[in-house]
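Analysis of the macromolecular model
Here is what each chain is made of, one letter per residue.
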Amino acid sequence: MTAPFGRRLCEVGENRASGGYRVFSLLDREGPEPLPGQFYMLAAADRWAGSGERPFLPRAISVAETGPAAEGNRLDFLVEGVGPGTDRLCALGAGEGVWVTGPLGNGFSEPRELQPGAAGAILVGGGIGIAPLALLRRRFAERNVPTRVLLGFRDRAHSGGLDDLFTCCEVRLASEDGHAGHRGYVTDLLAALLEGDAVASAAVYACGPPAMLETVRALCAERRVACGLAMESPMACGYGACFGCAVPRSDGGFMRLCVDGPVVQGEQIAEVTHA
Amino acid sequence: MPDFCGIELEHPVINASGTYDAIAARRVFGDALLEDFPFSAFVSKTITPQPRAGNAPRRIWETPAGMLNSIGLPNKGLEGFLAEDLPQLTELPVPLVVSVMGTSREEFARLVEGVGEREEVDAIELNVSCPNVDSGLIVGEQPAETEALLEVLRPLTAKPLIVKLTPNVADPAAVAVGAEEGGADAVSLINTLKASAIDPVTGQPGVATGHGGLSGPAVRPVAVAQLRAVAAAVRLPLIGMGGISRGADAREFIAAGANLVAVGTENFRDPRAGSRVAEELAVALPAGVATAPVLDLE
């Protein structure tokens, strides 16, 4: 599946608060339905060069959910304003135009053939990284893939998206401040789960901050469990042109996260480092 | 239809080396890329004699109206390029320019011979923003080094040799004259400006190597000034680039003396920027507006 060639102007449907984050939707009349884990390059059509002549480059944002719209697809994105680009995206108003390129990247790989009694899929999300797992969870549910969802947050202010994107399923929570679920890290929940039987038949799908992903990678490597890690790296173009999003590979050299990722299999990298 | 060093082009907009990977773009966008290819000629990423992995991240950093990059010329090396990439680049519907860089005259000679003997290649761009290991000098910063390099390379191929100038010199026109006297067929400018940014939160450099190359609209006035100076000093055809994002920007470069223009960083924001700039450039100017190069240098 290829993305439409070039960027296209899409209209903002709605933009609502979700915890400390924003969820905004775009109406995409041209693009194919995205795979879970794919991303789009987004830039507001107006006032993209804001204060201090930034943002300049589009921002790579994973799609959190999608569904049919009157014409084409609705694309939902979960964003946290952490800089000039995401601040501008957070401020998008209904009806505004956004330049969109995508869907880009590989997305999460298909689950392996699941044996009866197998451990199934384990989704591990941290913070804003819960976004791509929402669409993945729904796809697995549609195909009756047994799925467990583990989500972790720093505190209540950083648990945005949870109520919007994971309303219809059972999730196990962890929070560093203890406001919800296990007090500690979501990777504590994963470690406990991987102590059980039949874990070798499980597949882990994770997205979150680099330290979380590295813990997931190391736990899965130790237990010989397959894991797909949706990673992030500074990215100017999203389609292989800029070579900015290089991530070191375990066999030497670098991969471009935009075209060889953003989902990386645990064994492809030696460790997840902070870019 | 512009004629550039004997190569017929559909329009005057090409890409800057290292800002478009046509092979990756075809994987992402499919054959639509070929049906509506954004550039009238394709300039490859720079190749070196041996494969290079490139620099450790972090490699890019957004700046006001631009960006820093410190990519480190990742490429498959001459042999890998000829065997794996060239056959795919030959499928592009436009002439092919291959960018090469060596760290000695012997390395450059190997590259020019290896690339020059392939009929799929229409022209060769020499990336001279690198040190010569023998002299320790950056070739493109020295008119005499540039001239001497061209004198070695000129007899090795009949294909057009384009010298890509670095802007990190006091007098780029003098380097352009060196290229012309050494036998270059054309000059392209500007490469990126040496620059740094510091992350105000961590106090660390924005790119891991400490400094990188600045590109984007922020550098455009520098590029226009250097292009004017070079146009006044040499008779060679010129490829102008540096922050071109729109047809109006391209028109600035053409007015300053460019025969062709190249789109670089804008490709990152718009994969079809080349076509867009060409279309905007083709829109007729209002009567009375000069389209010919206006050179009024004091």
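Bear in mind the structure is a predicted one, so any value in this text is a computation, not a measurement.

1. Structural notes on the domain arrangement of chain A
Residue and element names in this part refer to chain A. If you check the domain split of chain A, you get domain 1 (8-104), domain 2 (108-230) and domain 3 (233-275). Centre-to-centre, using C-alpha coordinates, domain 2 lies 22 Å away from domain 3. Counting residues at the interface gives twelve residues for domain 2, matched by nine residues for domain 3. Elements with a contribution of two residues or more to the side of domain 2 that touches domain 3: α5 (210-223) and β13 (226-230). Per element, the largest residue contribution to the side of domain 2 that touches domain 3 is six residues, and it comes from α5. Here the side of domain 2 that touches domain 3 is built from residues that sort into eight nonpolar, two polar and two charged.

2. Focus on helix α3 (residues 77-89) of chain B
With 13 residues, α3(B) ought to run about 18 Å at 1.5 Å a step, yet its terminal C-alpha atoms sit only 15 Å apart, falling short of that. The largest bend in α3(B) amounts to roughly 40 degrees and is located at Ala83(B), with the proline Pro87(B) lying one to four residues further along.

3. Concerning the sheet that holds β13(A)
All names here are of chain A. One open sheet accounts for seven strands, arranged β11-β10-β9-β8-β12-β13-β16; its pairing is mixed. In the strand order of this sheet, the two ends are held by β11 (182-183) and β16 (263-265), each with one partner. Pairing of strand β8 (residues 121-126) with strand β9 (residues 147-153) involves six bridges; the strand directions are parallel. Note on β9: the bridge partner recorded for Leu123 is Val149. Those strands touched by α5 are β8, β12 (203-207) and β13, and its axis lies near 165 degrees from that of β13.

4. Considering the nonpolar core
Val204(A), Val216(A) and Val187(B) are the most contacted members of the largest nonpolar core, which totals 173 residues. Each residue touching Val216(A), except ones within four places of it in the same chain, is listed here: Val124(A), Thr187(A), Leu190(A), Val204(A), Ala206(A), Cys227(A) and Leu229(A).

About the cut-offs
- Residues numbered from 1 in each chain as written.
- Chains lettered and ligands numbered in written order.
- Predicted model: local features only at pLDDT ≥ 70, side-chain atom pairs only at ≥ 80, totals over all residues.
- Domains from an automatic or database assignment.
- Contact = placed C-beta atoms within 7 Å.
- Helix = DSSP H or I, 4+ residues; strand = E, 2+ residues; numbered from the N terminus.
- Nonpolar A, V, L, I, M, F, W, Y, C, P; charged D, E, K, R; others polar.
- Expected span 1.5 Å × (residues − 1).
- Bend = angle between axes of the 7 residues up to and from the residue.
- Pairing = 2+ DSSP bridges.
- Axes fitted to C-alpha atoms, helices over the stretch in contact; angles between N-to-C directions.
- Core = buried A, V, L, I, M, F, W, Y, C linked by C-beta atoms within 7 Å.
- Buried ≥ 20, exposed ≤ 12 C-beta atoms within 10 Å, placed from the backbone.

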